[in-house]
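Descriptive analysis of the structure
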Amino acid sequence: MNSFFVKPMFGSAKAFRVLLIAVCNLSFIALLALLVWQVASYQSRQSIQLLTERGAAMIEQSLRNAYTVLDQISLAPTESCQDIYADLQKISAATPYFRAIYIADSQTQRIFCSSAHALGKIDSPIHTLISDGATQASGIAWHENSLISDREALVIYRKLDNGRVLIGVLDSQYYKDILQLVMGLRVKTITLRVGHLQLVNQGDDFILMPLTAAKNNSTSILIDKLPVKVTAQHNSFQLRKYIETNLPLAFLLAILFLAWSSRWIWLRFGENNHFRQQVIESIQQQQFIAFYQPVIGQQNSIAGVEILARWQHPQHGLLNPDLFIQQAEAQGLLTQIMLSLIQCVEADLSKKPIPAQSRVGINITAQQLNDQAMLNAIFALNAKLKYLDYQLVVELTEEGLVSDPDLANKIIQEMGQAGIMVAIDDFGIGHSSLASLSRFPFHYLKIDKSFIDHIVSREKDQIIVANMVDMARQLNLNVVAEGVENKDQADYLAILGIDYLQGFYFSKPLPMDALSVFQFNTENSAKFPYFH
Ligand SMILES: Nc1nc2c(ncn2[C@@H]2O[C@H](COP(=O)(O)O[C@H]3[C@@H](O)[C@H](n4cnc5c(=O)[nH]c(N)nc54)O[C@@H]3COP(=O)(O)O)[C@@H](O)[C@H]2O)c(=O)[nH]1
């Protein structure tokens, strides 16, 4: 089966986590890209808006100035062109964006005076400059040529009460320069719309053309009280520039997010975290329960039990401690499990399911000797068991005792003083079993199953076990043989004079219900007697 589909017992498969990280991070990158695009578009729009407003403000300022200039010219109705020609020339020359000033008569619809013609004399229909013939009080419009040149010009006029019409021809170059300077390369198309015509940039130059609909991605500013609109169409170059500006920050964000989210997903859906969460939930739901393996004594009856933890897992069923004790200890969860287990044991044993004065063995790791909460629980359990007339036996393996022998010694002594017996578990397989025996004040010695497995057939094991028993006698220690699986082993060990036997031949570890009805001489147990 594809490993992707194989769900580990605790946590998700690596392939699943990698896929989750990839999906999550790709989605984030897509979102980030969209965000960068949106921010850059916004910034670009804002900058174009600002530029357009600035350009429109400059154009408005110049147009208002131009009207003010026209308004300064006072014309008596009878004044002839010769009388005012010099003034017209002076005003026109002094105002930078004026190309010429003309005077027309609205009655005759003729232009009769010009600052740009010799002696001011001109005779031209008013329509050559003002298409509506000055029917309004004032106006402004693009004109494809002025009367002086064939270059386009912006024409403004003011109709006076006396029937004269003052016409200002403004240099289009001036407006082109404003637009070019203010907006330059930053916009794609710049349009100065006046009346029915618009001045539009094309390449480096501007052309006059009929109005077209403004593009979607453009910004327009209408100048107050004038039919003049400045429109700028956004430039993709500008957008790209803002995208590039935002990229370093986006890149940094992406790196931070990718690192953080990958780690989070890995841990959150990883075995350790999953395991931790499940353990915590299971403790709350009291899913750590105690099984009890009977220990058979010389009277061929239950002399005691060993408490063995089981995890009643909601998905995986009943789990043996090999599947969780080590991992729990590595994650600092073992003591919490043990505290929960002890609660279960106290409740179970309060029903007195085994004979009075039975030994009740509990396994604790050497590391837990450093754990005050664990020690407190052990001393409290001892008090409760004493009250129930049971004897607590703490089973320790030698590995770890040696890491801090002084502390271990102190605690074992304190336990002894409190009436707790201490057994050295799995005796004989460690590096320094004998040294441990000499160093620590044990009460029990539990011979490891590996010496019992071949006790009937292997002479060396027979010699070793016989010497262990002999040594234990001399050291005044009780001896338990672990892992007795058949009658031959049990018979052999009984003859050797072992105090207690424990193993599947007598009984597997049992839940409390089964333990309370367990009978040593029923069909599920070995025949008795073993001890002669
Ligand atoms: N710190 C703690 N350690 C604990 C606790 N509960 C159990 N353990 C340790 O987990 C190891 C595995 O325990 P378990 O799967 O319960 O196995 C025990 C017996 O079922 C097994 N056994 C007993 N007799 C026989 C037998 O005849 N044949 C056979 N194949 N197995 C047998 O041995 C285990 C008990 O061993 P020991 O502790 O050395 O007496 C085990 O190391 C437990 O110590 C806990 O609460 N805390």
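Residues numbered from 1 in each chain as written. Predicted model: local features only at pLDDT ≥ 70, side-chain atom pairs only at ≥ 80, totals over all residues. Heavy atoms only, no water.

**So, the site of the ligand**
- Close to the ligand lie 23 residues; Glu306, Asp426, Glu482, Glu485 and Phe504 are nearest.
- Gln293 is positioned such that a nitrogen or oxygen atom in its side chain is 3.1 Å from a nitrogen atom of the ligand.
- Ala309 places a main-chain nitrogen or oxygen 3.0 Å from a nitrogen atom of the ligand.
- Protein chains shield 82% of the accessible area of the ligand, which is 820 Å² for the free molecule.
- Elements with a contribution of two residues or more to the shell around the ligand: strand S13 (302-313), helix H7 (334-349) and strand S17 (421-427).
- Considering every element that reaches the shell around the ligand, the biggest residue donor is S13, with four residues.
- A class-by-class count of the residues in the shell around the ligand yields nine nonpolar, five polar and nine charged. (Near = heavy atom within 4 Å. Polar contact = N/O pair within 3.5 Å; in protein donor to acceptor, adjacent residues only side chain to side chain. Areas by Shrake-Rupley, 256 points an atom, 1.4 Å probe, with all protein chains shown as cover. Helix = DSSP H or I, 4+ residues; strand = E, 2+ residues; numbered from the N terminus. Nonpolar A, V, L, I, M, F, W, Y, C, P; charged D, E, K, R; others polar.)

**Considerations on the sheet that holds strand S1 (residues 98-105)**
- Spatially, S3-S2-S1-S6-S5-S4 is the arrangement adopted by the six strands of the open sheet, whose pairing is antiparallel. Looking at the sheet topology across the chains shown, the edges are occupied by strand S3 (121-125) and strand S4 (138-143). Recorded for the sheet is a direction-independent mean angle of 25° between the axes of neighbouring strands.
- Relative to strand S2 (residues 110-114), S1 runs antiparallel, the two being bridged by four bridges. Opposite Ala104, over in S2, you have Ile111 as the bridge partner.
- Seen against the sheet, helix H1 (residues 14-72) touches S1, S4, strand S5 (153-159) and strand S6 (164-171) and runs at an angle of roughly 45° to S5. (Pairing = 2+ DSSP bridges. Axes fitted to C-alpha atoms, helices over the stretch in contact; angles between N-to-C directions. Contact = heavy atoms within 4.5 Å.)

**Some remarks on helix H12 (residues 459-474)**
- Taking 1.5 Å per residue as the helical rise, H12 with its 16 residues ought to reach 22 Å, and the 23 Å between its terminal C-alpha atoms agrees with that figure.
- Within the span of H12, buried status applies to Asp461, Gln462, Val465, Met468, Val469 and Ala472. An end-on view of H12 places all buried positions within 130° of arc, on one side of the element. Turned more than 90 degrees away from the buried face of H12, the exposed residues are Glu459, Lys460 and Gln474.
- Where H12 is buried, its residues touch S17, strand S18 (444-447), helix H11 (449-452), strand S19 (478-481) and helix H13 (487-496).
- Downstream of H12 by a residue or two, Asn476 has a phi angle that is positive, lying close to 65°. (Expected span 1.5 Å × (residues − 1). Buried < 20%, exposed > 50% of the residue type's maximum accessible area, 1.4 Å probe, protein only. Arc of directions from axis to C-beta.)

**Remarks on the state of the cysteines**
- All chains considered together, the criterion is met by one disulfide.
- In this model, Cys81 is linked to Cys113 through a disulfide, with the two sulfur atoms separated by 2.1 Å. Its S-S torsion of approximately 75° makes the covalent link between Cys81 and Cys113 right-handed. Residue Cys81 is found in helix H2 (residues 81-94), and its partner Cys113 is found in strand S2; the two are separated by 32 residues along the sequence.
- The class for Cys81 is buried, based on a relative accessible area of 6%.
- Accessibility expressed as a relative area gives 0% for Cys113, which makes it buried. (Disulfide = S-S within 2.5 Å.)

**As for a nonpolar patch on the surface**
- Where nonpolar side chains cluster on the molecular surface, the patch consists of Leu249, Leu252, Leu253 and Leu256 and spans about 400 Å² of accessible area.
- Secondary-structure assignment places Leu252 in helix H4 (residues 236-268). (Patch = residues over 30% accessible without salt bridge, like charges linked within 9 Å, V, L, I, M, F, W, Y side chains within 5 Å. Salt bridge = Lys/Arg side-chain N within 4 Å of Asp/Glu carboxyl O.)

**Structural notes on the sheet that holds strand S8 (residues 197-202)**
- Judged by pairing direction, the sheet is antiparallel, and its five strands sit side by side in the order S9-S8-S7-S11-S10 without closing on themselves. Only two strands of the sheet have a single neighbouring strand rather than two, namely strand S9 (205-210) and strand S10 (218-222). Strand-to-strand twist in this sheet, taken as the mean axis angle between neighbours without regard to direction, amounts to 20°.
- In terms of strand pairing, S10 meets strand S11 (residues 228-234) through five bridges, oriented antiparallel. Paired with Leu222 across the bridge in S11 is Lys229.
- Strands in contact with H1 are strand S7 (187-194), S10 and S11; relative to S11, the strand with the most contacts, it is inclined by about 155°.
- On top of the sheet, helix H3 (residues 172-183) reaches S7, S8, S9 and S11; it is set at about 150° to S7, its chief contact.

**Describing the pattern of salt bridges**
- For the structure on display, the rule yields 17 salt bridges.
- Between Glu395 and Lys446 there is a salt bridge, with the nearest N and O atoms lying 2.9 Å from each other. With Glu395 in strand S16 (residues 391-397) and Lys446 in strand S18, the pair connects residues that are 51 residues apart, well separated along the chain.
- Among the residues examined, Glu395 registers a relative accessible area of 5% and is labelled buried.
- Here Lys446 falls in the buried class, since its relative accessible area comes to 3%.
- Each of the salt bridges in this network shares a partner with another, and the network as a whole consists of Glu306, Glu395, Lys446 and Glu482.

**As for the UniProt feature "transmembrane region" (unreviewed entry) in the chain**
- UniProt feature "transmembrane region" (unreviewed entry): in the numbering of this structure it lies at residues 247-266.
- Secondary structure across residues 247-266 divides into 100% helix and 0% strand, with the first and last C-alpha atoms of the span separated by 27 Å. (UniProt positions renumbered as here; feature names shortened; annotations may be inferred.)

**Some details on the packing of aromatic side chains**
- The full count for this structure, using the stated rule, is 14 aromatic pairs.
- Judged by centre distance (5.6 Å) and plane angle (85°), the rings of Trp311 and Phe324 are edge-to-face. Within this pair, whereas Trp311 is found in strand S13, its partner Phe324 is found in the loop between strand S14 (317-319) and helix H6 (325-330), the two being separated by 13 residues in sequence.
- The exposure class of Trp311 is buried, given its relative accessible area of 0%.
- On the basis of relative accessibility, which here comes to 0%, the residue Phe324 falls in the buried class.
- An aromatic cluster of three or more residues is present, and its members are Phe28, Phe257, Trp260, Trp264 and Phe269.
- Here the guanidinium or amino end of Lys508 rests over the ring plane of Phe504, the centre of that ring lying 4.9 Å away. (Phe/Tyr/Trp six-rings, centres within 6.5 Å; stacked < 30°, edge-to-face > 60°. Lys NZ or Arg CZ within 6 Å of the ring centre and 35° of its normal.)

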